Structures are given as C-alpha cells and as structure tokens.
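One letter stands for each residue in the lines below.
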Amino acid sequence: MALPPPDPQFVLRGTSAEVHTLHFYCGGQEPDYPILFSGSSNGLIHVWNLKTRRVDTILDGHGGKSVYWVEAINGRDRLLSQGSNQQICLWDLAEGRNTVTDSVFTENVGFCKSSLLKVAQGHWLMAMPGKDLDEVQVLELPSKTSVCTLKPEADAKPGMPMCLKLWQPDFGSCPFLLAGYEDGSVILWNLSGGKILSRLGCHQEPVMSLDFDSEKKKGVSGSSEEVLTVWSLDEQQNLKVQKTHKLVNAGIADVAIRQDKKILATAGWDHRIRIFGWKKLKPLAILNYHTATVHCVSFSDHSRPSERLLAAGSKDHRISIWSIYNQTSGALHCSLETRKPD
Amino acid sequence: MDPEPFEVGHVVREAINILSSSRNGVQISEALGTIKCYLGGTENQAPLKEREEFTRVHFSAFLRGLVSNLSPDWIELLTSDQQKELWDSFFLEGPADQVFLVLLDSIISMGPSFCLMKVISILEQFLQTGGMSALMWEVCHQQAQAGLPTFQETLLNKVVCLPDHLCNKLQGNNLPIFFPQNYFPLLATEIIQVLQRISDSLRDGLDCSISFVSQVLGKVCMHGRREEILKVLVPRLMDLTKVDCIWQRICWRLVECVPDRWIEAVVCGFVQKAPGADVLSRLLGNLVVKNKKAQFVVTQKLLLQQYSYATAVLQNLLGYLALDSLRRYLLIKVLKELLETWGSSSAVKHSPVEQQLYVSKAILICLSHLKEPEIESNGQELLTSMMGGMKCHLDSNLPRVRRLGMIVAESISSRITTDGPCLKFQYEDDDETRELKSLQQTALLQLPVTDLPNAGNDSPSATPTAVSKPSGNPHPAAPAVPEEGSDLELDSDDDLIPYDMSEDKELKKMKVPVYIRDCIEVLTGSEDMDKWEATMKVLESLIRRNSATTREVSMELAKVLLHLEEKTYIEGFVELRKRALVAVTITDAVPVVQYLTSQFYSLNYSLCQRMDILDVLALAAQELSQPQASGKNKPRSTQSPCIQTVPGSDSSQNWRRIVDERIKSKTRRLAKGQSLVEPACGPNKFSSLAGHFFFPLIQNFDRPLVTFDLLGDDHLVLGRLAHTLAILMYFAIHTVAAAAMGKSLLEFVWALRFHTDSYVRQGLLSAVSSILLSVPSERLLEDMTDEFLETQSWLADVAEKDPDGDCRRLAWQNLLLMENLLKKLRSVPS
C-alpha cells in the first residue's frame, strides 16, 4: 500500500481574495529571509515572509483589479506585476519602500500572463500580450523599447495568446518564445525574425498554461480539457507531441516544472494539485487540500534542494505550501540546478 | 527307519551337552565346528539331506542352547576369532526366520545382563547385514510351498513390533537402529530387496508368494508407521515401475495381497505419498475395481467421511480414478455421491465449513476430469443436483458457504452448457475462491502431463501469462524506444515513489444543500441525481452540525432515510445512508429509536431494511456509550470500525475483538494499576437510553408476521438480531437496566439455544459473553442462578459437540469468562 499523500506543510491565509499568481524569491543570503509574492483578485500583492509565515507588506497598485502575474526582477528589491487594469507595474521594494517606479500600459484586456527572460546583466526581455487580440509584444527592459511584435499571419487565426514562455537555448543566444493560444495550439516564435518556427495543435480547448524545459527541449501544456500534453522540440525546430496524460477531471490552470527538472506540478480546476515525474510523466501524487479551483502553482528557488517548496494558490483564498520529493540525494540536484530559467 | 534323523539329532544333542557342561575351549570349538557343517557354506559340508533335516528340526533348539549357555566366562573360553567364526556365524548365516525369532524371544525373556547385550549386538548385526530381507525372502519362499500360518503370524508380529520390544527392554539405552524412524526405512529398503529377488525369480520362471511382504507392509501402516516406511518405499517403487511391467505387476500384487483389515492404511498412505495421479495409477493398478474394501476407502472414506487431506491428495485420488477406463465409472459414481452430499441441506447446515470446502474441491476436480460425452449423458442429473445444491447453499447465512455454492454451481453450469450463457455470480475473489477456480483448470492440465510432480504443473500455466503481459501491451513501451537518450531516462523516475492516488475521483460540481429541510426535499422529490448524490454526501455532517434543527424533523428524516432506495449508483451509498441514520438517532434518540424498533417488527419491510435498522441501532449505541471528547463533532474514526456491516464475515470477529480488548484491559488493570493513559471522560449517554434500544427489539421475536418470520425462514435476520442484542447488552455495562436486560437476554438465548443455524448460535453465544461482561456478577449469580447454571451446562455441550468451529471457540471463551467470574466472587469475601 502506497503512502497516503502528505498534508501541506503550512497554509497562508489572509489574502481575503482569490490567489491568482505566486512567485518565490528565496535566493538571498542571510539575513534575508525567503519571500513569497502573491497576487490576488482584489488587486493586492502580498509579500509573505516564509520564516514567520506572516505578511510582510501589502502592495496596492492595480486599482482593485485582479493581479495575475508577479515576478521579481533584479533581486528582491524590484518586482514586476501585471494586473487586469492593463498595467504592468515595476515596484521598488528596497529599504522598505513600496512605490511603483514605472509602468507599461498593455492595451490588452485578456488575462495572458507575461513572461520575463534575463538576457544580460541588467537587461531583460518581457513578452506580453499586445494591442491586437492575437498579438504578442516583446519589450526590452528597463528601456521599455519594443523588440518585436509577433503577429500570426491573417489566415492562421490561433485566437488570443493565453500563456507565454520566453526561453533561450544558451545564455546569450537568440531567444525564442513559446505561446499557447486560444485555439489550443502552441506556437514557437523566433524573436530575431519574428517568424513562426513551428505550430503544434495539441489541445482542443484553449491552452491555459505551459512550461518548457530548455535542457531537454521538452515542454508541457495544460488546457481546459482533461488532457495534459508533453511535446518536444526536435533539431529542425519542429514541435511534436510526445505523450499525453488523461486526467480524471478537466481543467489545468497552471503547470510548473521544478528547477531541477525532476517533477512537474499542475494546478487543477478540480481543487487538486497533481505531481508527475517529469521524465516519463509518471503520476506521483494528488495533493488534496483546497476546496476550490487551484489557480497557480509555483516551485521555490531555494538554493538547498531539501528546502525547496511548492506553493499553490486557490480560489478559496488560501495558499498552501508543500514540501514534497525534496529529500533525494543532493549531489545530483545541485549540478542540475545551477542554471534556472528566470 | 531312516537312520539319519536319529544321527543328526544325536549329534546336535551331544553338541548341546558339551556346550553346557564343558569348560574346555578346544572341546567347545570342536563341537561348534561339527554343527557348523550342517549349515553349509564351508568346505566340508554335511550331505544335503542332513542339512535340511538340521535346519528344519534342530536349528532353533540349537540356537536356544547357544544363547542359554552364554555367559561372560563361557564366551571367554573361545578366542575372539572363534567367537566370530563359530558363535556369531550361526546367527548371521543360519536360516533368518528362525534366528530372528530366537533372538527376539531371548531378548524378551532375558533381564539386563551381559548375555542380553551380546544378543542385542547380534541382532544389530543381523539387521545391518540384510537379515530382514533374508527373513522375508525365506518366508515368501516357504509360502510358495505352504508354510505354517501360526509361525508366520508370530514372525509378522515380531518383525513389526521390534522397535516396541526393544524400546521396552532397553529404555534409555536403546540403539539408534531400533528407533522407529530408522528401523522402518530400513525395513522398506529390505522390502525393496526382497521384491527385487522375487522379480528375479519370476523372471526365471519360479513361483513366489508375495503375501508375507504385503502383510508386513499392511501391519506397519496399520501401526501408524506409514509415513516412515512409505517415505522410502514409494519413491523407489515409483522409479522401478516406470519402465518395467513385471515390477508394475509385483507392485499391484503387493498392494492387492494386503489383508482387508489393513488395506485402508496402505491405500491412504499411497494416495498421500504418490506425487501424482499417474504414479498412483502405476502403483495401485486397478485395485479399486478388484478390492471392495479399497473401493470403499477410495470412493467413500477419503472423499466423504474425512476432510483433512490436502488438495494435492484429492487431485491424486480423482486423477487416479480418471486415468483408466475400467475405473472411470467410479469417477462418475463418486461425483454423483459428492453432489448428493453437496446438495443436501442437512449437510450444508450441520457439517463443518472445512468439510464443505473439501467436498467442493473434490467436485471441481471431478468435473475437470470428465469428458464431454460423459457430461452429456449425465447432464440432466448434474443440472438437478446443481439446482438443489445451489439453493441450500445460497440459503446459508455464512458467506463462505454461499460462495462455495456459487463457485461449484458456476463450474457445473459451465460444464453442462457448452453453448449459450452459463451461471455467473457476483462475489469478491479471495485466496480461497482463486484456489477453487484454479482447480478446474489445473486438473485438466494434469492429465496429459505424464511424469511431472504437482509443482511442475503450475509453471507451464503461469509462464504464458507472464510472457503475454509485456507483449500484450507494447503501446507504452513503443514511444519510449525511439526517444534519443532514453536509456538514461529509463530508470530515472524510480527514486520518486508515488503516493497513494486512490482518492483521485471525479469531482462533482453540484451545489450541495445547506439546510436539512432542503435535504429532505431533495431526497423525497428530486429527480436530479447529481443533487441527490451531493445531498447524501453532506447529510451526515449537516445533521451533526445542526442538532437543534434535526430534532424538529428527526422523525421525518428517519422515515425518509429508512425508506430511501438507491436510485442511481453512488459509491458507498449504504454506508452514507447508515451514517446519516446513526446521526439522526444520536441527535434525537428516544423518538427515533422508538420508531426504528417498532418498524423492525412491522409489515412491509425488506429483510435488508430490517437489518439496516439493527445496524443503525448498534452503531448508535456504540457512539452514545463512548465518552465524547470535548468537541461536539466526533471524529469519524469511531465509526469506521463498523460493528456489523457484513453478515457473518466480520461481525463476530469484530465483536470478539472488542470483548478481547475488554478482557485484556481488565487483566491489565489488575496487574499494573493506574498506569494507563487516562481516557477521555464524560457521562455515558447510552445509560438512560439502553432500555429504549433493547426491550422493544427483544419483545416480539416469536410473533411471526405474514412477511416476516424470524423463527422460520428469516434466520439470517434472527442471527443479526442476536448479534445486535449482544452488542446493545455489551454497551449497557454500568447502566441501571443492565441486570434486567441480562435476564431477558438469557431467556432469549435459552429459547433459541438449539437453533440449527450456526450464525444464530454464534449470535447467542456472543450475547452470553455480553451478559457475562456487562451484568454485575452479584446480580448474575444471585438473581439468575438457575439460568446461569443452565447456560453453563449448555455451553459445555456446545464447546464439545457443535459442528461449527467458531461456535465452539465462543463457547470456550464464555466458559472461561464464567470461571473467572466465579473465581472473582469467591475471592472477594475472603
């Protein structure tokens, strides 16, 4: 008889709104404590101190409109947040400040999360949904200059972009963008030419979330149907389906591959978090705690593998923190873990 | 007159005289040497006639003379070479039967002395040098001419009882060779040697009788040494008969010649020892056809009267019957008799389950041996007995018996209906059913296999499935192969051990009702199955949370729940409904219990509903009687060890466990004082309600209704009632009503004590245990002395004679409890 699945290590309550996005920042040295940023549907961003398990700061900058993407940029002092008031704000959190120093108007009314990629010291690329419905815009940060606008050809009609993932095969090489669209297809864009490299129709329903493992050139996507699809990118830059997994209940809101590429977590509309082995998509655990749809999952970037956490934010206003599959042999982890996608 | 007899007799007498009187070593050795000539084997032998004369008439007397003269100083007159040459050789080279008799006689008659030791060492040498085979050969040889029956009889006795005699004589100083575990295997090898000589002489065209060997074998088996002797004999015979038909004939003859009074022991031994049906057939031949007694043993005793043998024995036996066309009519006859037993309702009721299992196994094996034409010609008969047997098995209250009936009936029907649908029952597979089902196939496989032992038969059937599995679904493996670097990934996920994922069920998106009145509405009227299902799932927690509201509608709710039917499949529906009913009962005990107990005895309920009522009452009593922790909503764990959900299978065990724990806790308290962790305390809510639960239930059991007759057909419910009353009694410990409850429960038990159904009897015995544990012992012994004593004698009777093992165990336990009670009472005043 297999072990019963574990309970959450702890639960963060008090957002008093649905939690839409989570982002860890645990990389700092002592005396910095690990932080979890959470964005919720009432427009607030909570900064959680994971040591005391209390809210440190509450940031209010989206005018009460739902926040659906947060990501730390340049350490813990700078934070990007995207809200449905069509603003992407840059926060300055250093030395106790909490002010919006800059912002970008997205002109897009969807809820596609942006994606950030560090391309050089002090330079980032940010992909965000563009002005037209099916358009993705890539900006250079901090200058906010537009690098390119990725618009499918008129007859392609993939619908709106639903999720984005910027990545580059090696640090410094030409970045690519993977985007999941409303019609269920995943498109690989070449940023330098603004061209579609490959298009894979892997779902019948809109792609809700995707994540990509740039080492193995293998990604995973979840949609509102009951299938989880793993696809791979071959040498000719073609996407093809590698494996699908049928779920018991439909709807994946978020997928996340852990930085060590060992496990994959999905946030299910069926209130459950599922853990799979990344290599063969072997189902490993069903984490059952939430009483409503789980909106997001995120793995912490703790430098020590044994401290690594999984956080899940749900419609039931709670953030559950889990400690799972992090007690394996450490040496292997560290070598795999040296490079992580930003 | 012939001068020789006189002459030989004279010489012998003279020699004996010299031996007894002379003190001269030379003279003695000369005398021995003279006699030695008559034995032959030396260069100067006496004439043949004289030798025969000597061995026939004088040899025993001479040996006795030798033995009687034996003393330490006498034997010293001879040199040790002479001793060996002259003294010992008479025993080791002379006619073995006479030597053996003389040796044993002298051992039996002698007290411990030098002489005894000498004789015993001679006997040891005699055994070691193959004396027994010489002896048996001698007798077989004589028999061909015509031997003396009394002489043979004595010899037989002595041969078989040698270990006993020597053990009695030597006690602690016995030699290992005379131990039964060594002697009988030795005897077996000697028997093989005799048989070898017989087969040789048969090949030479000489006649030989084997009956003495058979007698030895029979008597040894009869004396309970068949394990030791057949352990050696059967494998040897198996090898020897494999290719040689003369050996086969000898072997058949060997068994046939065993006297009738011993044949049972021999046949049983062979059946048990033979590694397969074909071997058995080789060894026994058509014995069952020729010998009535053997036929009776094989077809009746081993199958219908005894049931302790392993399945392999059954397979041997029935396979043996099936292997030869001459014996096949017996197989069919046996099957009919087995089916008759299987289908007799009295046998189902009164014989132990183990025996029923044995008979079922035998039937399944028989069926597997039958061929199509045989089944066709007996099809009608099989069908009739199947229908009858199935009925009385399904009537039984014991799930195990029911399942046996189902499996056998399924198997019969699958054999008699070659085309078209056959019977199919629903039951849960366990080890036993799997074993039974495998019997239908293995026996079929066994026939063509010629020489493999049983264990070998499983492997060919197991390997194809093992092989076909990986090849059957190449699908998951296929995509993994073309992947580059896949060899690295193959073992990659192994360190991640999956957790239990059985909870991953489909999620129902349905608004669940929040108010109890809504629930009632949904349950009574709604056609929306999803809503209905969601309601069932939340009902219990709603009831427990809103006790005030529940009280307002408790009766209505109880009525709805009791009549609720499973409109659509819900997992664990029965459990959900039961838990909800329990919750209602607990929240508003008095009226609901009154309602439930009155409904138990009213018209128009199914047996299932009545049993549900009993279950609910028992569970509610359990929960009420348990001290509740400070919180008002109890953890579910208290309910999960359900007392009585499946009839028969667990309830008595569970119940007994409770009692055992109870007893244990009592003894521990005596031994260790207050070392236990303080349990949660609280008033026993059951104490004021016990009467409401108990008395309405016990009142009307003997009043049959049109649809419900507890004392008649509905004994399953009666059994459940008895168990429930026992449970209520048990939970009523320390309550005021306990004594009154105990008294009426004892009367109830007394009225039903001879019930034919073992499940009912188990319930009654449980009830007695509860009474003993719950009723204060003073009340029990002062107010109910007569009943107590009567029950005690009934228990003693059950403990000894009841066919059901569980009943016997329960009765013993009760007797023990009574004993303890009495002991405690006696110790109190002093």
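Being a predicted model, the structure only gives us computed values, none of them experimental. (Residues numbered from 1 in each chain as written. Chains lettered and ligands numbered in written order. Predicted model: local features only at pLDDT ≥ 70, side-chain atom pairs only at ≥ 80, totals over all residues. Heavy atoms only, no water.)

K.L.:
Explain the overall build of chain B here, please?
P.N.:
Assigned secondary structure in chain B consists of 40 helices and zero strands. Taking all 830 residues of chain B together, 52% fall into the buried category. A separation threshold of at least 6 residues defines the contact pool for chain B, and within that pool the share at least 24 residues apart is 75%. Per element, the accessible surface of chain B, about 39,300 Å² overall, is 55% carbon and sulfur. (Helix = DSSP H or I, 4+ residues; strand = E, 2+ residues; numbered from the N terminus. Buried < 20%, exposed > 50% of the residue type's maximum accessible area, 1.4 Å probe, protein only. Contact = heavy atoms within 4.5 Å. Areas by Shrake-Rupley, 256 points an atom, 1.4 Å probe, with all protein chains shown as cover.)

K.L.:
Help me out: how do you make sense of the confidence of the model for chain A in this one?
P.N.:
When pLDDT is low, close inspection of the predicted coordinates is not appropriate. Averaged over chain A, the pLDDT score is 87; the fraction of residues at 70 or greater is 94%. Low pLDDT, under 50, characterises residues 329–342 of chain A; the stretch is placed with 23 contacts to residues that sit more than four places away or in other chains. (pLDDT = per-residue confidence, 0-100.)

K.L.:
Help me understand the interface of chain B and chain A, please; the structure alone is not making it clear to me.
P.N.:
Think of interface size as the accessible area that goes away when the parts come together; that is how it is often given. Each partner contributes to the interface: chain B provides 17 residues, whereas chain A provides 29 residues. Interface area, chain B with chain A, both sides summed: about 2,200 Å², of which 57% is carbon and sulfur. Counting across the interface, chain B meets chain A through zero salt bridges. Where chain B meets chain A, there are three residue pairs in polar contact (both at pLDDT 80 or more). (Buried area = accessible area lost by both parts, 1.4 Å probe. Salt bridge = Lys/Arg side-chain N within 4 Å of Asp/Glu carboxyl O. Polar contact = N/O pair within 3.5 Å; in protein donor to acceptor, adjacent residues only side chain to side chain.)

K.L.:
Help me out: how do you make sense of the sheet that holds strand E8 (residues 87–92) of chain A in this one?
P.N.:
In a beta sheet, neighbouring strands are held together by backbone hydrogen bonds and run either parallel or antiparallel to one another. Residue and element names in this part refer to chain A. Taken in spatial order, the four strands of this open sheet run E6-E7-E8-E9, and their pairing is antiparallel. The open sheet has two edge strands with one neighbour each: strand E6 (67–73) and strand E9 (99–105). Across the sheet, the mean angle from the axis of one strand to that of its neighbour is 20°, orientation sign disregarded. Note that strand E7 (residues 78–83) and E8 share five bridges and pair antiparallel. When the sheet's bridge partners are listed, Arg-78 is paired in E8 with Asp-92. (Pairing = 2+ DSSP bridges. Axes fitted to C-alpha atoms, helices over the stretch in contact; angles between N-to-C directions.)

K.L.:
Looking at this structure, I do not really get the UniProt feature "repeat: WD" (unreviewed entry) in chain A. What am I missing?
P.N.:
According to UniProt, the positions carrying the feature "repeat: WD" (unreviewed entry) are residues 200–241 and 287–324 of chain A. For the annotated span residues 287–324 of chain A, helix accounts for 0% and strand for 45% of the residues, and the straight-line distance between the end C-alpha atoms is 10 Å. (UniProt positions renumbered as here; feature names shortened; annotations may be inferred.)

K.L.:
Got a minute to help me understand the sheet that holds strand E3 (residues 35–40) of chain A in this structure?
P.N.:
Residues and elements named next belong to chain A. Pairing in this open sheet of four strands is antiparallel, and the strands run E2-E3-E4-E5 from one edge to the other. Of all strands in the sheet, those with a lone pairing partner are strand E2 (19–25) and strand E5 (54–60), marking the two edges. Pairs of neighbouring strands in the sheet enclose a mean axial angle of 20°, with direction left out of account. Summarising the sheet, strand E4 (residues 44–49) and E5 pair through six bridges and their orientation is antiparallel. Looking at E5, one finds that Ile-45 is bridged to Leu-59.

K.L.:
When you look at the pattern of salt bridges in this model, what are you seeing that I'm missing?
P.N.:
Side-chain pairing between opposite charges can occur once the charged atoms of the two side chains come close. Residues and elements named next belong to chain B. Per the stated rule, a full pass over the model turns up 45 salt bridges over all chains. Lys-336 is paired through a salt bridge with Glu-381; the nearest N and O atoms lie 3.6 Å apart. One end of the pair, Lys-336, is in helix H18 (residues 325–343); the other, Glu-381, is in helix H21 (residues 372–395), with 45 residues separating them in the sequence. Taking relative accessible area as the criterion, Lys-336 reaches 34% and is therefore assigned partly exposed. Linking Lys-437 and Asp-429 is a salt bridge whose minimum nitrogen-to-oxygen distance equals 3.4 Å. A relative accessible area of 24% means that Lys-437 is categorised as partly exposed. Residue Asp-429 is classed as partly exposed on the basis of its relative accessible area, which comes to 42%. Each member of the salt-bridge network shares a partner with another, and the members are Glu-540, Arg-544, Arg-579 and Glu-623.

K.L.:
I keep staring at the environment of Val-207 of chain A and nothing clicks. Help me out?
P.N.:
Residue and element names in this part refer to chain A. If you trace the backbone, Val-207 turns up in strand E18 (residues 207–213). With relative accessibility at 0%, the residue Val-207 sits in the buried group. Separated by 25 residues in the primary sequence, Val-207 and Glu-182 place their C-alpha atoms 6.1 Å from one another. For Val-207, the contacting residues outside a window of four places in its chain are Met-162, Cys-163, Gly-180, Tyr-181, Gly-184, Ser-185, Val-186, Ser-221, Gly-222 and Ser-223.

K.L.:
Explain the packing of aromatic side chains to me, please; I cannot follow it from the model alone.
P.N.:
Aromatic rings in a pair are described by how distant their centres are and how their planes are angled relative to each other. All names here are of chain A. Evaluation of the coordinates by the stated rule reveals 12 aromatic pairs over all chains. Seen from their ring centres, Phe-212 and Trp-231 are 6.0 Å apart, and the 20° between their planes marks the pair as stacked. With Phe-212 in strand E18 and Trp-231 in strand E20 (residues 227–233), this residue pair connects regions lying 19 residues apart in the sequence. Comparing Phe-212 with Trp-231 shows no difference in burial state: the two are buried. Through pairs of rings, three or more aromatic residues link up here, namely Trp-167, Phe-176, Phe-212 and Trp-231. Just above the ring of Tyr-33 sits the side chain of Arg-76; from NZ or CZ to the centre is 5.1 Å. (Phe/Tyr/Trp six-rings, centres within 6.5 Å; stacked < 30°, edge-to-face > 60°. Lys NZ or Arg CZ within 6 Å of the ring centre and 35° of its normal.)

K.L.:
Explain the confidence of the model for chain B to me, please; I cannot follow it from the model alone.
P.N.:
All names here are of chain B. This prediction gives chain B a mean pLDDT of 79; 84% of its residues lie at or above 70. Below pLDDT 50 for its whole length, residues 446–491 participates in 28 contacts with residues either more than four positions away or in separate chains. Reported for the predicted complex are a pTM of 0.56 and an ipTM of 0.77.

K.L.:
Can you help me understand helix H37 (residues 758–774) of chain B in this one?
P.N.:
Since there are 3.6 residues in each turn of an α-helix, residues three or four apart along the chain are aligned in direction. All names here are of chain B. For H37, with 17 residues, the first-to-last C-alpha span of 24 Å sits near the 24 Å given by 1.5 Å per residue. With respect to burial, H37 is a largely interior element, 17 of its 17 residues being buried. Structurally, the start of H37 carries an N-cap: the backbone nitrogen of Tyr-759 is 2.8 Å from a side-chain oxygen of Asp-757. (Expected span 1.5 Å × (residues − 1).)

K.L.:
Is there a simple way to think about unusual backbone geometry in this case?
P.N.:
Generally, phi is negative for residues other than glycine and the peptide bonds are trans, each holding for most cases. All names here are of chain A. Put simply, Leu-141 and Pro-142 share a cis peptide bond, and its omega is 0°. In this structure, Pro-142 sits in the loop between strand E12 (136–141) and strand E13 (145–150). One non-glycine residue, Lys-144, adopts positive backbone phi at about 65°. Relative to the assigned elements, Lys-144 resides in the loop between E12 and E13. Overall, Lys-144 belongs to the partly exposed group, its relative accessible area being 33%. Backbone geometry places His-271, a non-glycine residue, at a positive phi of 75°. As for its placement among the helices and strands, His-271 is situated in the loop between strand E23 (263–268) and strand E24 (272–277).

K.L.:
Is there a simple way to think about the packing of helix H28 (residues 529–545) of chain B against helix H29 (residues 547–563) of chain B in this case?
P.N.:
All names here are of chain B. Remark: H28 packs on H29, axes separated minimally by 9 Å, with the N-to-C direction vectors making an angle of 140°. On the basis of the axis angle, H28 is oblique to H29. Here Leu-539, Ile-543, Arg-544 and Arg-545 of H28 come into contact with H29, specifically with Ser-547, Thr-550, Leu-557 and Leu-561. (Parallel < 35°, antiparallel > 145°, perpendicular 65-115°, else oblique.)

K.L.:
What am I meant to see in a nonpolar patch on the surface here?
P.N.:
Residues and elements named next belong to chain B. A cluster of nonpolar residues, Val-289, Leu-326 and Tyr-329, forms a patch on the protein surface that exposes about 270 Å² of accessible area. Along the polypeptide, Val-289 turns up in helix H15 (residues 287–290). Taking the relative accessible area as the measure of exposure, Val-289 reaches 32% and is therefore partly exposed. (Patch = residues over 30% accessible without salt bridge, like charges linked within 9 Å, V, L, I, M, F, W, Y side chains within 5 Å.)

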